[in-house]
Amino acid sequence: MSSRRNPGSQSSLREANRARILDAITHYGALTQVELAAVTGLSPATVSNIVKEQAATGVLTTTPTSRSGRRAVRVTLAREMGLVVGLHVSNRQLRLALADAGHQVLAERMLPLARDHRADSELDRVMLLIQDMAESVGAGPGEVLAVGVGLAAPVDPRTGIIATAGLLRGWDGVPVAEELQARLHRPVFVDNEANLGALAEYRMGAAQGVRQAAYLRVSHGVGAGLIVDGRVYRGGSGKAGEIGHLTLDEQGLVCRCGNRGCLETLVGASALAAQFPGSHGDVKLRDIVLRADAGDARARRVIADAGRHLGVALAGLSNLIDPHRIVVGGELAEAGEMLLSPLRHALERSTLATVSGGPEVVKGELGERAEVLGAVLFAIDRAQISAGRPEDAVRTVAGAPAPDILPGIGGIFPVRTPEISPERGGLAS
């Protein structure tokens, strides 16, 4: 047998190790060197050597920190690696976040939207806002690597266009990624808001470490993001998780989607506002929660009834995909146990019983920022980082799915998720 060794094997191995370290930081945000060793499976000495090398070339930044009273080195991507933008467009609100490739949010904006807002005018405004935000942190628009967008409607992953008309009027049929990309001259990626909320809560919120989970967003409308085997599942045409349009009453009111008796006709913002005579439907979800907190009996009853309806719908979802944890977010989640307690009761009553019990129901940790932070993570995932100099370290991949996005059920395969210290940081403002 020949004893000759491949002269390129050692350099290839080192390049692969660099990529593993950069992938881990891109995925999880700031990590200590000890956490990097645990995540990548590399030795502490290998991690230390590569971190020093990449810090010297300007790809990584290191800062002293502490973990459990011990000194440690915190590692993140250098600011020079570029910026990403997260955009969340809901029915009545627009939220933007500008972050660096190390998951640090540098600037954030939130603006109300008119009832009948249109894609063309709002995308023009988004372009100006991104330029303004970049300037506010001493950067230029050219430093933006990618933009992630969350829309309050299912998005067909094959076309990037809203899959069901009428759920976000003024945006139907609009190729949002293409339109915004033409304005910014930067890659843009679009997904449903609940999918991005699920991604954020799974990576850095209340669903961390739970590989089978569901994120329920209850705001103007109702939607769910599904975590299946540690990845976001969107279905064949992007409609997976549209729990708000699950029929609960065949003889019920006509929904904005065109069907009758959907969950949203019972617990959507318009349906709840209609429970307050004399308000002419102008009462907001936040107003209802504040009234309930102040002891208003009608508001408390409205929230409890909404919880029961949500619990019944979630029982069907639980029997179908069997999540271990359900994270509840959106404006109505601010009602806390007034909503969650009746929700749990209805869920337990209608879910198929198992020896281990039903899914755990918790309030989201990221609040109304979940979707925009998910959009940031989505953009970072698509702007894939490769080892090298800052000027050639980022390559944006338009065709490949992001690491946490599972387009269809046929693509499910086990993915190992390492245990990370909750102190690792990431997407801090």
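The structure displayed is predicted, hence computed values, not measured ones.

A. Seen up close, empty space enclosed by the protein. Following the criterion strictly, the structure yields three cavities of 30 Å³ or more and no others. Size it by volume and the largest cavity reaches roughly 130 Å³. Broken down by secondary-structure element, the contributors of at least two residues to the lining of the largest cavity are α6 (193–204) and β10 (222–228). Of the residues that constitute the lining of the largest cavity, the class distribution is six nonpolar, five polar and five charged.

B. Representation of the pattern of salt bridges within the structure. One pass over the structure, following the stated rule, counts 24 salt bridges. With a shortest N-O distance of 2.9 Å, R369 and E108 are connected by a salt bridge. In this pair, R369 sits in the loop between β13 (360–363) and α12 (370–382) while E108 sits in strand β6 (residues 105–112), placing the two residues 261 residues apart along the sequence. Look at R369 and you get partly exposed, because its relative accessible area is 22%. Taking the relative accessible area as the measure of exposure, E108 reaches 25% and is therefore partly exposed. In this structure, E331 engages R286 in a salt bridge whose closest nitrogen and oxygen atoms are separated by 3.6 Å. Of this pair, E331 sits in the loop between β12 (325–329) and α11 (337–350) while R286 sits in helix α9 (residues 285–293); the two residues are 45 residues apart in sequence, bridging distant segments of the chain. The structure contains a network of salt bridges with shared partners spanning R14, E15, R18 and E53.

C. View of the sheet that holds strand β7 (residues 144–151). With mixed pairing, the five strands of this open sheet are ordered in space as β6-β5-β4-β7-β8. Edge positions in the open sheet fall to β6 and β8 (188–192), since each of these has one partner strand only. Averaged over all pairs of adjacent strands, the angle between strand axes in this sheet comes to 15°, irrespective of strand direction. Note that strand β4 (residues 83–89) and strand β5 (residues 93–100) share seven bridges and pair antiparallel. The residue of β5 that forms the bridge with V85 is L98. Here helix α4 (residues 119–136) sits on the sheet and contacts β4, β5, β6 and β7; the angle it forms with β5, its principal contact strand, is near 35°.

D. Local environment of the layout of surface pockets. Computed from the structure, the second largest pocket encloses a volume of approximately 630 Å³. H220, R256, E264, S270 and A271 are the residues nearest the centre of the second largest pocket, which is lined by 28 residues in total. Of all elements in the fold, only α7 (264–267), α8 (269–273) and α10 (297–321) reach the threshold of two or more residues within the lining of the second largest pocket. Across the lining of the second largest pocket, the residue classes break down as twelve nonpolar, nine polar and seven charged.

E. Structural detail: the sheet that holds strand β3 (residues 70–77). Strands sit in the order β1-β3-β2 across an open sheet of three strands; the sheet is antiparallel. Edge positions in the sheet fall to β1 (31–32) and β2 (60–67), since each has one partner strand and no second. The pairing of β2 with β3 spans eight bridges and is antiparallel. Bridge pairing links T61 to T76 in β3. Docked against the sheet, helix α1 (residues 9–28) engages β1, β2 and β3, running at close to 90° with respect to β3. Where helix α3 (residues 44–56) meets the sheet, its contacts fall on β2 and β3, and the angle it forms with β2 comes to roughly 130°.

F. A look at unusual backbone geometry. Of note, the phi angle at H185 is positive, near 60°, even though the residue is not glycine. If you trace the backbone, H185 turns up in the loop between α5 (176–184) and β8. Take H185: its relative accessible area is 60%, and that puts it in the exposed class. With a phi angle near 55°, D229 is a residue other than glycine that sits in the positive phi range.

G. Just the nonpolar core, in detail. Core analysis: the largest hydrophobic core is formed by 41 residues, its most contacted members being I243, I303, L310, V328, L332 and L339. For this core, the elements supplying multiple residues, two or more each, are β9 (213–218), β10, α8, α9, α10, β12 and α11. Counting residues per element, this core draws most heavily on α10, which supplies nine residues. When near neighbours in sequence (up to four residues on either side) are disregarded, I243 contacts L216, V222, G223, A224, L263, A313, L314 and L317. Counting residues in each nonpolar core, the second largest holds 36 residues, with A119, L129, V144 and L184 among its members.

Definitions and limits used
- Residues numbered from 1 in each chain as written.
- Predicted model: local features only at pLDDT ≥ 70, side-chain atom pairs only at ≥ 80, totals over all residues.
- Heavy atoms only, no water.
- 1 Å grid on protein atoms, 1.4 Å probe; cavity = no way out; pocket = protein on both sides within 12 Å on 5 of 7 lines; lining within 4 Å.
- Points joined across faces, edges and corners; volume = space filled by probe spheres on them.
- Helix = DSSP H or I, 4+ residues; strand = E, 2+ residues; numbered from the N terminus.
- Nonpolar A, V, L, I, M, F, W, Y, C, P; charged D, E, K, R; others polar.
- Salt bridge = Lys/Arg side-chain N within 4 Å of Asp/Glu carboxyl O.
- Buried < 20%, exposed > 50% of the residue type's maximum accessible area, 1.4 Å probe, protein only.
- Pairing = 2+ DSSP bridges.
- Axes fitted to C-alpha atoms, helices over the stretch in contact; angles between N-to-C directions.
- Contact = heavy atoms within 4.5 Å.
- Core = buried A, V, L, I, M, F, W, Y, C linked by side-chain atoms within 4.5 Å.

Read these as spatial facts, not as claims about activity.
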